[in-house]
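# Summary of structural features
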Amino acid sequence: MNCLASPQAWGVCATKAGCTHRPLITASRRIFRSEPRKQNERKRFRPRNENRVAPRREAWWQERELNRRHKDFQFFSRQFLNVRLNALLFNNDAGFAQYLQAESQSTKEQFMTIQNSQSGTEVEQSGTEKVRRVGQSHVDYWTPRLKKRAYTWEGKSVEIPEWQVRLAHLGRREWFNTGTPNKAAAADKARKIYHSLISKGWPATLHEFKPDMQVSKDGCTVGEFLAQVKAVCGLKPVTFEIYAKKFRSLVAGAFKIDGGKAKHDYVNGGYKEWLDRIRAVRLEKLTPERINEWKVRQLKAASNNPVRLKRASVTLRSILLSSRALFTPEIRKHLTLTLPSPLPFEGVALPEAGKCRHKSEINPSVILTVAKRELAEGIQGEDQPANPRPELFKIVLLALGAGLRRDEIDKLQWKQIKWDRNVIRVEVTEHGSTKSADSEADVDVDPGLLEILKTYLPKPGHSSPFVIASPIQPRPESARNHHYRCNRLFKEAVEWLRGKGLTARNALHSLRKEFGSQICAQAGIYAASVALRHSSITLTREFYIDKKQPTFLAISRMMQDQAEAEQQPGEAAHNAA
């Protein structure tokens, strides 16, 4: 029998346990009930002692009955708002039964909308998108709550590629980096972090998922400080590793941590043991007094030799400047560690190192001529067979003729040479970046240099895209040790330059300085600064330029002119007689 065929059948249908229309019919009967429930329906709410029934109990019961009817009406109107009420009561609408049956068999999915009335964490991490009503133990709960944060560096907004999630627990909120750009994996990681937070609490969760950002109440060690600086600073990875290496050498010298020859043992753990001893030093023990004592001790050790003293001053100045760069206000404001007061470098003066101006030791025309004969053509002697080394010749040519740095020569590709414009474009590629933003520019070169390089152009599809051929592949991800594809070739080029009388500590870089000195002699210091791609002309003037035009007092010429002037009166008197 169709339970909706007549109102008389409703009572029968409502008693059936398996009827799908039972909730709807029950709700509709409650809505239009004019009298309260019968006494037997209220038996279970009857107090044990009838004499203790107070009027407020009856008022409470009436209010409860009204609330129940109101909820039933809300349920009824929400499900069948567009259906006429008389069709429900008297079955006047023929299609209502089919509609009700289809609706009762369909599965209902519950949705919720994230609105501003939620907690600050949910408002921060999501907008008004609809998500499934699932528990916090489900991965789908965390997917819309992931966010990619950004920070400002040099006036530009840089987005962090990894997904992050913000969690709140016991009145504390923290951002967690999931460490992956994959959203599904990030949601699973967020779920694990939440479970750890609920079960283990904040300290254990931070130790497991955020070890670099823990707050130390008793200060921190050198290792903890460097780990957190690496996590929050905006330095390039290579730059940070240089600063950290110099800071560790300062700590080792200040605390006399000498690893001996074992610190160079990278296989059997000697280096790691020496490094762990440095990392375990408490940062509050690195006081300005201790750093100043180390500086004075190093200078006294080299004071018996002026050359050694100057070199020691240059080295100490470089170490102090790099180490002090790790404690700048821009970095300290992001740290959560307790730093000592005063800071380690407060009041520590830098040693006077003097000017390290480039001093020319070579004749560029002679070097290029000899390089062409010995490296390009391979002629070592009349009685020896030719052994050309074209890669070394190209290295010398690019360093002296274009002023390129070692890393720029190492990563230079053929496509960066603009043959029609006679320029070499130094730019960021997929294999590496430039030294700075000012280093990315076009370098004007001699057309004759490009004609020489054209003779080494490889056939399409049969060689490496790099100008300097090497079997070693580039490693742009290498940050701890600066990696060069052509490291073996660079060493051979330096040995060849040493044999030609070049004594500079960085022989290959001295060719770049010689390039700048020649440009300065031809077109002035501003042109040299542009050609070297320096950020400041002061750097060019103080370190890179060697004066090519002599400026002196012509004493011999003055004496000769005076002697000629004294002889002229005697010759005039003799001629008159």
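Just so it is clear, the model here is predicted, and its values are computed rather than measured.

Reading the values: rules and limits
Residues numbered from 1 in each chain as written. Predicted model: local features only at pLDDT ≥ 70, side-chain atom pairs only at ≥ 80, totals over all residues. Heavy atoms only, no water. Axes fitted to C-alpha atoms, helices over the stretch in contact; angles between N-to-C directions. Helix = DSSP H or I, 4+ residues; strand = E, 2+ residues; numbered from the N terminus. Parallel < 35°, antiparallel > 145°, perpendicular 65-115°, else oblique. Contact = heavy atoms within 4.5 Å. Patch = residues over 30% accessible without salt bridge, like charges linked within 9 Å, V, L, I, M, F, W, Y side chains within 5 Å. Areas by Shrake-Rupley, 256 points an atom, 1.4 Å probe, with all protein chains shown as cover. Salt bridge = Lys/Arg side-chain N within 4 Å of Asp/Glu carboxyl O. Buried < 20%, exposed > 50% of the residue type's maximum accessible area, 1.4 Å probe, protein only. Lys, Arg positive; Asp, Glu negative; His and termini not counted. Charge placed at Lys NZ, Arg CZ, Asp CG, Glu CD. pLDDT = per-residue confidence, 0-100. Expected span 1.5 Å × (residues − 1).

### Some points on the packing of helix α11 (residues 237–254) against helix α12 (residues 270–279)
Axis separation between α11 and α12 bottoms out at 10 Å; the angle between their running directions is 80°. Taken together, the axis directions place α11 and α12 in an arrangement best described as roughly perpendicular. Touching R248, V251 and A252 of α11 are W274, L275 and I278, all from α12.

### Some thoughts on a nonpolar patch on the surface
Taken together, L553, I555, M558 and M559 make up a surface patch of nonpolar side chains, about 460 Å² in accessible area. Exposure remark for L553: the relative accessible area of 63% places this residue in the exposed category.

### Comments concerning unusual backbone geometry
Of the consecutive residues S341 and P342, the connecting peptide bond is found in the cis state with omega at 5°. Assignment of secondary structure puts P342 in the loop between α15 (329–332) and α16 (364–376). With a phi close to 55°, K256 is a non-glycine residue in the positive phi region. Positioned with a positive phi, R533 is a non-glycine residue whose angle comes to about 60°. Examined against the element boundaries, R533 turns out to sit in the loop between α22 (525–532) and α23 (537–544).

### Examining a positive patch on the surface
A contiguous patch of positive charge on the surface is contributed by K310, R357, K359 and R541. Overall, K310 belongs to the partly exposed group, its relative accessible area being 40%.

### What to know about the confidence of the model for the chain
Scored by pLDDT, the chain comes out at a mean of 77, with 72% of its residues at no less than 70. pLDDT under 50 marks residues 81–97. Its contacts with residues more than four places away, or in other chains, come to 23 contacts. Considering only residues more than four positions removed or in separate chains, one finds that residues 127–131, a stretch of pLDDT under 50, has eleven contacts.

### Let's talk about the pattern of salt bridges
Using the criterion set out here, one finds 19 salt bridges in the structure. A salt bridge links D188 to K192; the nearest nitrogen and oxygen atoms lie 3.5 Å apart. In this pair, D188 and K192 both sit in helix α8 (residues 183–200), four residues apart, roughly one turn of the helix. The exposure class of D188 is partly exposed, given its relative accessible area of 23%.

### So, α8
With 18 residues, α8 ought to run about 26 Å at 1.5 Å a step, and its terminal C-alpha atoms sit 25 Å apart, in line with that. Among the residues of α8, those classed as buried are A186, A187, A190, R191, I193, Y194, S196 and L197.

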